[in-house]
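# Geometric and topological summary
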Amino acid sequence: MTLHWKVVIDSTDPHAQAAFWAEALGYLVEDNSALPERLIGAGAVPEAATVLVDGRRAWRDLAAARHPDDPFEEESGTGLGRRLLFQRVPEAKTVKNRLHLDVHAGPGRRDAEVTRLEGLGAKVLREVEQPGGTWSVLADPEGNEFCVH
């Protein structure tokens, strides 16, 4: 049996990170507003556990981006497929990632994709040329490294 999984990324601003990665990958920021509204109404969670993002109720410390073609749970808005979940942590990133994403732009599109991602807030760290290929190493707005092939 295969297992369902998601990539969870520590963040100081999960909503900004979810917005960046949704735009970078062509994903959607999850709309989980129905769940916290319902739980606040039932007295199960305090309103302080949430924030308003783009006029919608969202969890203060969690935000996710999901693939637009994958299924999602209607009741909570939670993606059931390819998904990046950003969780708030108190400390900023201080060392190199032990895990990173590779973004594949397609033949002849790497430079244009790097330029687009820079426009979203990414920063080019270095270009890599090896016998096996060439790629760009970038950092997202919080400094997490990723590669564009």
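Residues numbered from 1 in each chain as written. Predicted model: local features only at pLDDT ≥ 70, side-chain atom pairs only at ≥ 80, totals over all residues. Heavy atoms only, no water.

### A word on the nonpolar core
Quick note on the threshold: In this text, buried Ala, Val, Leu, Ile, Met, Phe, Trp, Tyr and Cys residues form a nonpolar core when linked through side-chain atoms within 4.5 Å. Any residue under 20% of the maximum accessible area for its type is buried, any over 50% is exposed, and the rest in between are partly exposed; the area is computed with a 1.4 Å probe on protein chains only. Only runs of H or I of at least four residues qualify as helices and only runs of E of at least two qualify as strands under DSSP, and these elements are numbered from the N terminus. Only heavy atoms enter the contact rule, under which two residues are in contact if any of them lie within 4.5 Å.
Grouped together as the largest cluster of nonpolar side chains are 17 residues, with contacts concentrated most on Trp21, Leu117, Leu138, Phe146 and Val148. At the level of elements, strand E1 (7-11), helix H1 (14-25), strand E6 (83-88), helix H3 (110-120) and strand E10 (145-148) are the ones that each hand at least two residues to this core. In terms of residue count, the dominant contributor to this core is H1 (four residues). Discounting chain neighbours no more than four positions away, the residues touching Phe146 are Phe20, Trp21, His100, Leu101, Val103, Leu117, Ala122, Ser136, Val137, Leu138, Ala139 and Asp140.

### Quick word on the sheet that holds strand E5 (residues 62-66)
Here is the rule: For two strands to pair, DSSP has to find at least two bridges joining them.
The strand order E1-E6-E5-E2 describes an open sheet built from four strands, whose pairing is mixed. One side of each edge strand has no neighbouring strand; the edge strands of this open sheet are E1 and strand E2 (28-29). The sheet contact formed by E2 and E5 spans two bridges and is antiparallel. By the bridge assignment for E5, Val29 is matched with Ala65.

### Some details on the sheet that holds E10
Quick note on the threshold: Here the axes come from fitting lines to C-alpha atoms, over the contacting stretch only for helices, and the angles between their N-to-C directions go from 0 to 180 degrees.
In space, the four strands of this open sheet follow the order E7-E10-E9-E8, with mixed pairing throughout. Sheet topology places strand E7 (101-103) and strand E8 (123-130) at the edges, where each strand pairs with a single neighbour. Between one strand axis and the next, the sheet turns through 25° on average, direction left out of account. Strand direction decides the pairing type here: E7 and E10, joined by three bridges, are parallel.

### Structural notes on the environment of Asp69
With respect to the helices and strands, the residue Asp69 is situated in the loop between E5 and E6. Asp69 sits in the exposed class, given a relative accessible area of 65%. It is 9.7 Å that separates the C-alpha atoms of Asp69 and Leu28, two residues lying 41 residues apart in sequence.

### Focus on the pattern of salt bridges
Worth spelling out the cut-off: Salt-bridge detection follows one rule: a side-chain nitrogen of Lys or Arg within 4 Å of a carboxyl oxygen of Asp or Glu.
For the structure shown, the criterion picks out 11 salt bridges. Close ionic contact of Asp31 with Arg56 constitutes a salt bridge, the shortest N to O distance being 3.6 Å. With Asp31 in the loop between E2 and helix H2 (34-41) and Arg56 in strand E4 (residues 56-59), this pair connects stretches of sequence that are 25 residues apart. Of the charged contacts in the structure, one is a salt bridge between Asp70 and Arg82, with a shortest N-O distance of 2.7 Å. Note that Asp70 is positioned in the loop between E5 and E6 and Arg82 in the loop between E5 and E6, a separation of 12 residues in sequence. Put simply, Glu37, Glu47 and Arg57 are held in one network by salt bridges that share partners.

### Looking at the pairing of E1
In E1, alternate side chains face the same way, and those of Val7, Ile9 and Ser11 are buried while those of Val8 and Asp10 on the opposite face are not. Two strands pair when backbone bridges link them, and E1 and E6 are joined in this way by five bridges, in the parallel orientation. Residue pairing in the sheet places Ser11 in a bridge with Arg88 of E6.

Purely geometric stuff here, so don't read any function into it on its own.
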